[in-house]
Structures are given as structure tokens and as C-alpha cells.
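The primary structure of each chain is shown beneath.
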Amino acid sequence: MSNPRRLPQDEAAELSTARAWRIMSRAARLRCPNCGGDRILDGWFALAHRCPTCGLVLDRGESDYFLGAYLVNLVAVELILAAIMVVIGIATAPDVPWTLLMWGGIVFALVAAIACYPWTKVLWLGFDIMLRPVTHEELALGREDTRAVSPTRHA
Ligand SMILES: [Zn+2]
């Protein structure tokens, strides 16, 4: 049974590898995964309320929407850190610089988590759009919403 809110071409697009590539490449460039529009960042740590180009509400109406992005950020940074530490440990054995690894690891984890933060949020949004395509009703609701058209901070 098909979802009545989506058009038949949306169902076909859902299965396309080209569509998935397009969505994730837009996200990797910090653009709206849905339309490719820019200005979706509201500073380094937040997204605008909605895309100024297509009107998509970027948290998709869920207050805890980006919890998954935080998890992706944490896991990605920790995996990279673990790989770096293993390589350094193997390369310098048996005289492993444990103090350098400890302090360097702490600094790396903090800096990398902050540096990767916007990408993890937009990639998370892109991944969600791949699995749960944007509906016409969702875009219409975003256009009707009068909050935050431009990426400026609102109280
Ligand atoms: Zn958009």
C-alpha cells in the first residue's frame, strides 16, 4: 500500500542510487540535502530553522531530531582517534609516547568533534531524507512557517 501523501515518482526516486549520491554530496558541501540550496547554517553549531530555498524545516519538526547526529559525531571522532593511536602505537613501539597520546588524544577529540559538527548534522539530515523522503506537505508547512528565512539567530 502506497503512502497517499507522496507522488509515484517519489517512490521511484526513493530507490535510486543517483538520488542517494546527490543528497549526500549536497550534505557534504553543507547545502540543503533536499534542494541543494545554501545558507542553511545558523553559525557553526546550529542549522537555520528552515531551508531558505525549498522551505524544508531542517529539524523536520522534531525537537530531538539531531540526537543521532551527535552520536555519529562522537563515534566518527572516536574511531578516527583510535585508528591514529593504534598507528602511532605500532610505529613507535616499544617506546610508545603515552603522555603525548593521552594529551594529544584529548585535544584531538575536542577539536575534531567541533570541526566536524556541522557536517554531522547536515549528513544526518541527508541520511534521513534518503530513508524518509520529504513530502510535498512537509515543504508546504515549511513555506507557511514565518520563522527564520535567513540564517540569523532568533531568540
Ligand atoms: Zn532546501
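Nothing here was measured: the structure is a model prediction, and the numbers come from that model. (Residues numbered from 1 in each chain as written. Predicted model: local features only at pLDDT ≥ 70, side-chain atom pairs only at ≥ 80, totals over all residues.)

Enquirer: Provide a residue-level description of the overall build of the chain, including the pertinent values.
Expert: Counting its regular elements, the chain contains five helices and zero strands. Its helices and strands in sequence order give the chain the pattern α-α-α-α-α, from N to C terminus. Across the 155 residues of the chain, 19% fall into the buried class. The long-range share in the chain, meaning contacts at least 24 apart out of those at least 6 apart in sequence, stands at 63%. (Helix = DSSP H or I, 4+ residues; strand = E, 2+ residues; numbered from the N terminus. Buried ≥ 20, exposed ≤ 12 C-beta atoms within 10 Å, placed from the backbone. Contact = placed C-beta atoms within 7 Å.)

Enquirer: So what's going on with the packing of helix α3 (residues 67–92) against helix α4 (residues 98–131)? Residues and values would help.
Expert: Packed helices, taken two at a time, are described by the angle their axes make and the gap between the axes. Relative orientation of the contacting elements α3 and α4 amounts to 140 degrees, with a least axis distance of 8 Å. Seen from above, α3 lies across α4 with right-handed handedness. Contact residues: α3 offers G68, A69, V72, N73, A76, V77, I80, L81, M85 and I88, while α4 offers L101, G105, F108, A109, A112, A113, C116, Y117, T120, K121 and W124. Among the residues forming the contact of α3 with α4, the class breakdown is 16 nonpolar, four polar and one charged. (Axes fitted to C-alpha atoms, helices over the stretch in contact; angles between N-to-C directions. Left-handed = near helix turned anticlockwise from the far one by under 90°. Nonpolar A, V, L, I, M, F, W, Y, C, P; charged D, E, K, R; others polar.)

Enquirer: Can you break down unusual backbone geometry residue by residue, with the values?
Expert: Following A93, the chain continues to P94 via a peptide bond in cis, the omega torsion being 5 degrees. A positive phi is found at L30, a non-glycine position, where the angle reads about 60 degrees. With respect to the helices, strands and loops of the structure, L30 is situated in the loop between α2 (17–28) and α3. The class for L30 is partly exposed, based on 17 C-beta atoms found within 10 Å.

Enquirer: Outline the environment of W98, listing residues and values.
Expert: Mapped onto the elements of the fold, W98 is located in helix α4. Distance from W98 to M85, taken between C-alpha atoms, is 9.7 Å for residues 13 residues apart in sequence.

Enquirer: Report on the nonpolar core, specifying residues and quantitative values.
Expert: Membership of the largest hydrophobic core comes to 17 residues, with the highest contact counts inside it found for A27, I40, C51, L56, L58 and L125. Elements supplying a minimum of two residues to this core: α2 and α4. In terms of residue count, the dominant contributor to this core is α4 (five residues). Non-local contacts of A27, meaning those with residues more than four positions away in its chain, are made with P33, V122, L123, L125 and G126. (Core = buried A, V, L, I, M, F, W, Y, C linked by C-beta atoms within 7 Å.)

Enquirer: Can you break down α3 residue by residue, with the values?
Expert: Here α3 spans 37 Å end to end across 26 residues, near enough to the 38 Å set by a 1.5 Å rise per residue. Along α3, the positions that sit buried rather than exposed are A69, N73 and V77. Where α3 is buried, its residues contact α4. (Expected span 1.5 Å × (residues − 1).)

Enquirer: Account for the confidence of the model for the chain, with residues named and values stated.
Expert: With 83% of its residues at a pLDDT of 70 or more, the chain has an overall mean of 85. Of all the helices and strands in the chain, helix α1 (residues 8–14) carries the lowest mean pLDDT, 54, while α4 carries the highest, 94. Contacts of residues 148–155 to residues separated by more than four positions or lying in other chains number 15 contacts, the stretch itself having pLDDT below 50. (pLDDT = per-residue confidence, 0-100.)

Enquirer: So what's going on with the packing of α2 against α4? Which residues, and what values?
Expert: At a minimum axis separation of 8 Å, α2 and α4 run at an interaxial angle of 165 degrees. Relative to α4, the element α2 is oriented roughly antiparallel. Regarding α2 and α4, the two cross each other, and that crossing is right-handed. Where α2 approaches α4, its residues A20, I23, M24, R26, A27 and A28 are matched on the opposing element by W119, V122, L123, L125, G126, I129 and M130. The class makeup of the residues in the contact of α2 with α4 is eleven nonpolar, one polar and one charged. (Parallel < 35°, antiparallel > 145°, perpendicular 65-115°, else oblique.)

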